[in-house]
Amino acid sequence: MIDEAKVEGVVGEQADGYLGFRSGTSDSDLQEAVRVTNEARRRAYASRAAETGVSTEVAAARMFEALLRARLAEGEWYRNAQGQWVQN
């Protein structure tokens with residue numbers, strides 16, 4: 001569901017390491033899927049932060065730069081650190 005929303009440009013990765021909505025949606029299932037995914041990411045980032053001695057926010061941003069951004073498919077959207085949506 002999230003992958004389809006990424007292809008459609010409704011959902012994108014963000015420089016803060018979380019998924020975000022590029023445009024509004026009334027799809028409650030998609031909203032829940034994004035919420036659950038972001039919560040799982042938050043827990044993973046917090047764990048990594050504790051291991052490396054950085055904040056959860058820094059761990060999340062590093063994950064975006066190191067892994068998530070590289071996995072973006074052609075045409076998918078992401079929100080950069082300046083808050084702008086950019087198409088890959």
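Now for a look at the structure at hand. All of these numbers come straight from a predicted model, not from anything done at the bench.

1. Digging into the overall build of the chain
Thought 1: What the chain contains, in helices and strands, is 3 helices and 4 strands.
Thought 2: When its helices and strands are written in sequence order, the chain yields α-β-β-α-α-β-β.
Thought 3: Its C-alpha atoms give the chain a radius of gyration of 13 Å, within 12% of the compact-globule value 12 Å for 88 residues.
Thought 4: In the chain, which comprises 88 residues, the share counted as buried stands at 33%.
Thought 5: Intrachain contacts of the chain at a sequence separation of at least 6 include 41% that bridge at least 24 residues.
Thought 6: In the structure as shown, the chain presents an accessible area of about 5400 Å², 47% of it carried by carbon and sulfur atoms.
Thought 7: Charged side chains in the chain number 11 positive and 14 negative. The centres of these two groups are separated by 7 Å.

2. As for the sheet that holds strand β1 (residues 11-14)
Thought 1: Spatially, 4 strands are ordered β2-β1-β3-β4 in an open sheet, and the strand pairing comes out mixed. Strands with a single pairing partner mark the edges of an open sheet, and in this sheet they are β2 (19-21) and β4 (85-87). Averaged over all neighbouring strand pairs, the angle between strand axes comes to 40°, with direction disregarded.
Thought 2: Pairing of β1 with strand β3 (residues 77-79) involves 2 bridges; the strand directions are parallel. The residue of β3 that forms the bridge with Q14 is R79.
Thought 3: Here helix α2 (residues 28-52) sits on the sheet and contacts β1 and β2; the angle it forms with β2, its principal contact strand, is near 150°.

The rules behind these values
- Residues numbered from 1 in each chain as written.
- Predicted model: local features only at pLDDT ≥ 70, side-chain atom pairs only at ≥ 80, totals over all residues.
- Heavy atoms only, no water.
- Helix = DSSP H or I, 4+ residues; strand = E, 2+ residues; numbered from the N terminus.
- Rg over C-alpha atoms; globule rule 2.2 N^0.38 Å.
- Buried < 20%, exposed > 50% of the residue type's maximum accessible area, 1.4 Å probe, protein only.
- Contact = heavy atoms within 4.5 Å.
- Areas by Shrake-Rupley, 256 points an atom, 1.4 Å probe, with all protein chains shown as cover.
- Lys, Arg positive; Asp, Glu negative; His and termini not counted.
- Charge placed at Lys NZ, Arg CZ, Asp CG, Glu CD.
- Pairing = 2+ DSSP bridges.
- Axes fitted to C-alpha atoms, helices over the stretch in contact; angles between N-to-C directions.

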